[in-house]
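# Tertiary structure, described
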Amino acid sequence: MSKHVVILGGGIGGIATAYNLRKMDSNLRITVVSGRPYFGFTPSYPHLALGWRKFEDISIPLGSLLPKYGIEYVPENGEKIDPDNNKLWTTSGKEIGYDYLIIATGPKLVFGAEGQEQYSTSVCTAEHALELQKKLEEFYKNPGPVVVGAIPGVSCFGPAYEFALMLHYELKKKNIRHKVPITYITSEPYIGHMGLGGVGPSRRIMEDLFAERSIKYVANVKITKVEPDKVVYEDLNGNIYEEPCKLSMLMPRFMGPDVVASAGDKVANPANKMVIVNKCFQNPTYKNIYGVGVVTAIPPVEQTPIPTGAPKTGMMIEQMAMAVAKNIVGDIRNSTDRYAPELSAICIADMGADAGFFYARPVLPPRAEVKFGKGRWAHLIKSAFEKYFMWKVKRGNIAPWFEEEGLKIVFGTKGVVLCPDCSGTPGQAC
């Protein structure tokens, strides 16, 4: 009888793992469980917020997509995991048994500042981006100050930087930039830190970009309260400040969702309910449970005065998905080979007319290689990659051979590496 692999989540991590498994083993029974009925291309949510994309451009219904590739789809969220008996229950009470469980749910959003959820928004989901799009349409009619930034504990800073820079470009196009002071307020110890201790000259680059675009910034502070007309923050000495705003976009911090917590403290990190994994993204206690994506517990790169987390980029998530698929198929075939993701990343921050580019291998220090660039070419690559990725999802193949070979030739990245000893913290060298 074929093994049953259940994947919780239909985002980049869940879809990539499902497709990789199907490509590696045509006999596997694969089930994706996701209450969100579509795959959405998360990196384009800031573009959606600014009206530069339509929702249908960056989403695909899962119900019509997955069965084409022999993947079952359950349109519900997971409710409870029983790791001792290899069972999952959905929100309707449906019981699903599994041989392997991959948790790729994405995070639970935590709006930790008072009033943040009521008076601010984010670009973490398509729904939030569409809500922000409506707010911006009204804002343009009667503009004023804008605050963009991140509360304590945030691990995903890229969209905040990108939104601030793209908003600057959009306001210039509308000829109202001079009416809109933009302030970036962050828990990072300095701008360009990005939860990674900086990447190459990222601090200097972000300082220059903000200076060129007249974007004021305040770093190493804690946003404590959001009101309709201001953002309140506190410095390390306990001094309280207020920044006026007519619109704010503040990134929330991430936690593991309730379904992960239901599996107990051997699966869910007690501190943040993220999935506990080793270097091969396998749970150390329950060997048939794996984590992929933002929901995995990767420790911070360094302790900062105000807490920050380590980001998990799209390329990192694709590498996690490949490693997990290889490990599960290898286990089924009684292979002793185990793989860990390289956790390298190509990131492109769109700025409208141009974009910033960086490559890091690996993302977590110490790094073997870092590359930076900026220009119109990066903006064009970002736009082209969105269309390419959506094409991959529609075609049922997230990791085509020519992409893997191209990345090896151009950047020297392997994606995944053999890992003789999977024990230890994810991101550590094998």
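Before reading on, note that the structure itself is shown above.
Residues numbered from 1 in each chain as written. Predicted model: local features only at pLDDT ≥ 70, side-chain atom pairs only at ≥ 80, totals over all residues. Heavy atoms only, no water.

### Observations regarding the pairing of strand E22 (residues 355-361)
Under the convention used in this document: For every residue, the accessible area obtained with a 1.4 Å probe (protein chains only) is divided by the maximum for its type, and the residue is called buried under 20%, exposed over 50%, and partly exposed between those limits. The numbering of helices and of strands both runs from the N terminus, where a helix is a DSSP run of H or I of at least 4 residues and a strand a run of E of at least 2. The pairing criterion for strands is at least two bridges between them, as found by DSSP.
Extensive coverage of E22 is indicated by the burial of seven of its seven residues. Burial along E22 is two-sided: Ala355, Phe357, Tyr359 and Arg361 and Gly356, Phe358 and Ala360, pointing in opposite directions, are all buried. With six bridges joining them, strand E21 (residues 345-350) and E22 adopt antiparallel strand pairing. Bridging across to E22, Ile348 finds its partner in Phe357. Linking E21 to E22, which pair antiparallel, is a turn of four residues; within it Gly352 sits at a positive phi near 100°. Of the pairings in the sheet, the one linking E22 to strand E23 (residues 369-375) comprises seven bridges and is antiparallel in character. Bridge pairing in E23 places Arg361 opposite Glu369.

### Section: the state of the cysteines
Stated formally: Defined by distance alone, a disulfide is two cysteine sulfur atoms within 2.5 Å.
For the structure shown, the criterion picks out two disulfides. Paired through a disulfide, Cys280 and Cys422 show a sulfur-sulfur distance of 1.9 Å. Here the S-S torsion is close to -70°, and the disulfide linking Cys280 with Cys422 is therefore left-handed. With Cys280 in the loop between helix H8 (258-261) and strand E19 (289-291) and Cys422 in the segment after strand E24 (416-418), this pair connects stretches of sequence that are 142 residues apart.

### Some words on the sheet that holds strand E15 (residues 230-234)
The strands that make up a sheet pair up through hydrogen bonds in the backbone, lying either parallel or antiparallel. What counts here: To get an axis, a line is fitted to the C-alpha atoms, and for a helix only the part in contact is used. The angle between two axes follows their N-to-C directions and goes from 0 to 180 degrees.
Spatial ordering of the open sheet is given by E14-E15-E16, a layout of three strands whose pairing is antiparallel. The open sheet has two free edges, formed respectively by strand E14 (222-227) and strand E16 (240-244), since each of these has just one partner strand. With direction set aside, neighbouring strand axes in the sheet form an average angle of 25°. Taken together, the five bridges between E14 and E15 define a ladder with antiparallel strand orientation. From the neighbouring strand, Val226 faces E15, where its bridge partner is Val231.

### Details of the packing of aromatic side chains
The line we're drawing: Here a pair means two rings of Phe, Tyr or Trp (six-membered ring of Trp) with centres within 6.5 Å. Their orientation is stacked below 30 degrees between planes, edge-to-face above 60, and tilted elsewhere. In this scheme, the term charge over a ring applies when either NZ of a lysine or CZ of an arginine sits within 6 Å of the ring centre and within 35 degrees of the ring normal.
Counted under the stated rule, the structure contains 20 aromatic pairs. Relative to Phe210, the ring of Tyr161 has its centre 6.0 Å away and its plane inclined at 45°; by these criteria the two rings are tilted. Linking Tyr161 in helix H6 (residues 158-173) with Phe210 in helix H7 (residues 202-212), this pair joins segments that are 49 residues apart in sequence. Looking at Tyr161, the relative accessible area reads 3%, which means it is buried. Summarising the aromatic geometry, the rings of Tyr388 and Trp391 are spaced 6.0 Å apart at their centres and angled 25° between planes, so their arrangement reads as stacked. One end of the pair is Tyr388 and the other is Trp391, both in helix H10 (residues 376-395) and three residues apart, which spans about a single turn. Given a relative accessible area of 22%, Tyr388 falls into the partly exposed group. Chaining the aromatic ring pairs together yields one cluster made of Phe39, Phe41, Phe385, Tyr388, Phe389 and Trp391. Here the guanidinium or amino end of Lys326 rests over the ring plane of Tyr339, the centre of that ring lying 4.9 Å away.

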